Amino acid sequence: MLPETCVAIERDTDIVTARQKGRELAAATGFSTTDQTLVATAISEMARNIVTHAERGEIVLVALDDSGRRGIMVVARDEGPGIADAELAMKDGYSTANSLGVGLPGARRLMDEFHLASTLGKGTTVTMKKWVR
Amino acid sequence: MPVPILKQGDVLIASIQAALSDKDLAQLRDDLADRVGRFRIRGLVLDLTALDVLDSFATRMIRSIVYTSKLRGAETVVVGIQPDVAFAMVQLGLALDGVATALDLEDGLAILRRGIEGGNAGAA
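Residues numbered from 1 in each chain as written. Chains lettered and ligands numbered in written order. Predicted model: local features only at pLDDT ≥ 70, side-chain atom pairs only at ≥ 80, totals over all residues.

Enquirer: Looking at this structure, I do not really get the sheet that holds strand β2 (residues 11-15) of chain B. What am I missing?
Expert: Whether parallel or antiparallel, the strands of a sheet pair through hydrogen bonds between backbone atoms. Residue and element names in this part refer to chain B. Pairing in this open sheet of five strands is mixed, and the strands run β1-β2-β3-β4-β5 from one edge to the other. Unpaired on one side and paired on the other, β1 (5-8) and β5 (100-102) mark the two borders of the sheet. The mean inter-strand angle of the sheet, taken between neighbouring strand axes irrespective of direction, is 25°. When β2 meets strand β3 (residues 43-47), the two strands line up parallel, connected through five bridges. Directly across from Val11, in β3, lies its bridge partner Gly43. Strands β1, β2 and β3 of the sheet are contacted by helix α1 (residues 22-38), whose axis makes an angle of about 170° with β2. (Pairing = 2+ DSSP bridges. Helix = DSSP H or I, 4+ residues; strand = E, 2+ residues; numbered from the N terminus. Axes fitted to C-alpha atoms, helices over the stretch in contact; angles between N-to-C directions. Contact = placed C-beta atoms within 7 Å.)

Okay, here's the thing in structure tokens:
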């Protein structure tokens, strides 16, 4: 069984916890310190989205081993209001929360794989992966 | 955890020691705004050496601290952003436009000193 960590996200201090756990797992998986920082930053943005838009949710961190190819998967899940226009939400500078609008598009650039699934009224799940180079 | 703020003449040095929550950052912004007026501060150094992540919210708060202080007559130099943190910020699409930066505290203080002694040209 590969290590898996779940961090409940309810308040701003949980954002710090999530990204610290993410950095620890990334370090244990064999990522360089630069890539650990990229992963931690992406987690921070996703955790922030949960606090800002959904009030509560969770971040699940999973170490990946795909026949010797190691990596990390980050799943950010909430049961918030969902995203009305996913295409628009992925655009740089678009924000409904008076923020900088870099969270989703920025996190996609920091990671290798990025998938957004959202249903209005049901919630949002972002799944991101990064592989050790 | 509140950020310690040191006063040295007409300069304040805020040295962030550990990862900050959103509330800590907002508190720092308010504390600095208050002290700039109370102590007639001309320059601020924000030392971010110990930060391992600067995300969009933290960047927005830092810009807010710098612009607020500027409107109150104090210039700010942001120092100590680590190479990995800078790289992640660029990837994320974050910038500190119009914000003076320096490698470390020593450089930051030198820049401020030149700005203050050079009159209203400022550091930024």
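Enquirer: Help me understand the sheet that holds strand β3 (residues 69-78) of chain A in this model?
Expert: Residue and element names in this part refer to chain A. The strand order β1-β2-β3-β5-β4 describes an open sheet built from five strands, whose pairing is antiparallel. The sheet is open, and its two borders are formed by β1 (4-9) and β4 (113-119), each paired with just one other strand. Averaged over all neighbouring strand pairs, the angle between strand axes comes to 15°, with direction disregarded. Inspection of the sheet shows β3 paired to strand β5 (residues 123-131) by eight bridges, in the antiparallel sense.

Enquirer: So what exactly am I meant to see when it comes to the pairing of β4(A) here?
Expert: Look at any regular strand and the pattern is simple: side chains alternate between the two faces of the sheet. All names here are of chain A. Of the strand pairs in this sheet, β4 and β5 are connected by seven bridges, and their pairing is antiparallel. The residue of β5 that forms the bridge with Glu113 is Lys129. Once β4 ends, the chain turns through three residues before running back antiparallel as β5, passing Gly121 with a positive phi of about 80°.

Enquirer: Help me understand the environment of Val90(B), please; the structure alone is not making it clear to me.
Expert: Residues and elements named next belong to chain B. Mapped onto the secondary structure, Val90 falls in helix α3 (residues 83-92). A tally of 11 C-beta atoms within 10 Å means that Val90 is categorised as exposed. Taking the C-alpha atoms as reference points, Val90 and Arg113, 23 residues apart in sequence, are found 29 Å from one another. (Buried ≥ 20, exposed ≤ 12 C-beta atoms within 10 Å, placed from the backbone.)

Enquirer: Please clarify how unusual backbone geometry should be interpreted in this entry.
Expert: Excluding glycine, most residues fall at negative phi; most peptide bonds, likewise, are trans. All names here are of chain A. Of note, the phi angle at Glu55 is positive, near 70°, even though the residue is not glycine. Relative to the helices and strands, Glu55 is located in the loop between α2 (33-54) and β2 (57-66). C-beta crowding within 10 Å serves as the criterion here: with 14 such atoms nearby, Glu55 is assigned to the partly exposed category. The backbone of Ser67 shows a phi angle near 40°, a positive value even though the residue is not glycine. Topologically, Ser67 is positioned in the loop between β2 and β3.

Note that all results are geometric; they support no functional claim without further evidence.
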